Amino acid sequence: MMIDQEQVATELQTVRDFIRWTCSLLNEHKVYLGHGNINAWDEAVQLVMAGVYLSWNSDKTVLDARLMTSEKARVISFVRQRVEARKPLPYITNEAWFMGMPFYVDERVLIPRSPIAQLIGTEFSPFLREGLVERVLDLCTGSGCIGIACAYAFEEAQVDLVDISVEALVVAQKNIEQHELAERVAAIQSDLFEAVSGQRYDLIVTNPPYVDRQDFESMPQEYQHEPELALTSGNDGLDITRSILREACDYLTDDGLLVVEVGNSEVHLMTEFPHVPFIWVDLPDGGNGVFVITAQELKHFRDEF
């Protein structure tokens, strides 16, 4: 499918025209929606409005504004990336929202969508012990959205954002600066805990790669734009999670908590470690595969991992 740019630019004039046309294209070509919006109309609104440098929730009177030739070209470019190349919307606009906050994203990092947001919103209650949280580790941080959101939730905490990918940490650092948190949040290049040896955290939160090989090969084309390093972890998706479970107790305070997202690989985890008391979190706003476990339980069951 190729968009006839000249025809589109000639026949469409207003913001409303371009939104309707974009929505129709998304529906016609069955473009997958899984990186922020749940319907084609909202996706079209965000795409077109970003193309003319306006917020998606701008005053509706702007819908009847006519586009300049250069604006039409930019919007059509955005639409071609979305429909023809199947690039996810946040990579086109370089913006994703997490917990109501904007984050810069590009193809060096996963697009923020973790249901761990629901736990951050409750300050990890009732799982995290009461009292001051002084240190938080966001392991496999990617864009840094989880750790940065934790810094907002725990205003006294120092937060370390750790990732093996130097490229991902460039994005995380950009978000630290965008949110003006450089005094409390640090981006650290590390293969899991390697570069934070000797550190202890009240809370370790991680959304590691966890997609198993079968799921990865069947994912929609949009996910091919995301870094495979951040998605896959062995045949069952748990290679990195096993390493985290073996090591995490050495980096938690005695009353610390580990929070891990493993998505659909929760079935593999429960099957492999049936005696480990993972607490699978009820996520009322949707999502699955998030568990919590205390430092003491990790220490007790360490030999299982």
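Scroll up to find the structure this text is about.
What comes next is a walk through the structure. (Residues numbered from 1 in each chain as written. Predicted model: local features only at pLDDT ≥ 70, side-chain atom pairs only at ≥ 80, totals over all residues. Heavy atoms only, no water.)

Considerations on the overall build of the chain
Working step 1: Scanning the chain from N- to C-terminus turns up twelve helices and nine strands.
Working step 2: Relative to the 2.2 N^0.38 estimate, which gives 19 Å for 305 residues, the radius of gyration of the chain is 21 Å and therefore close to what a compact globule would have.
Working step 3: For the chain, buried positions account for 52% of its 305 residues.
Working step 4: Across the chain, the fraction of contacts at a sequence separation of at least 24, relative to all contacts at a separation of at least 6, is 69%. (Helix = DSSP H or I, 4+ residues; strand = E, 2+ residues; numbered from the N terminus. Rg over C-alpha atoms; globule rule 2.2 N^0.38 Å. Buried < 20%, exposed > 50% of the residue type's maximum accessible area, 1.4 Å probe, protein only. Contact = heavy atoms within 4.5 Å.)

Overview of the nonpolar core
Working step 1: Counting residues in each nonpolar core, the largest one holds 35 residues, and the members touching the most others are Phe 193, Leu 245, Leu 258, Phe 278 and Leu 298.
Working step 2: For this core, the elements supplying multiple residues, two or more each, are β3 (135-139), β6 (201-206), α10 (239-247), β7 (252-261), β9 (290-294) and α12 (295-300).
Working step 3: Here this core takes three residues from β7, the largest share from any one element.
Working step 4: Those residues in contact with Leu 298 that sit more than four places away from it in its chain are Leu 245, Ala 248, Cys 249, Leu 252, Leu 258, Ile 293 and Phe 305.
Working step 5: Phe 98, Ala 149, Phe 154 and Ala 157 belong to the second largest nonpolar core, which has 34 residues in total. (Core = buried A, V, L, I, M, F, W, Y, C linked by side-chain atoms within 4.5 Å.)

Quick notes on the pattern of salt bridges
Oppositely charged side chains can form a pair if their charged atoms are brought close together.
Working step 1: For the structure shown, the criterion picks out 13 salt bridges.
Working step 2: When the shortest N-O distance is used, the salt bridge between Arg 82 and Glu 43 registers 2.7 Å. Of this pair, Arg 82 sits in helix α4 (residues 69-83) while Glu 43 sits in helix α3 (residues 40-51); the two residues are 39 residues apart in sequence, bridging distant segments of the chain. Both residues of the pair, Arg 82 and Glu 43, belong to the buried class. (Salt bridge = Lys/Arg side-chain N within 4 Å of Asp/Glu carboxyl O.)

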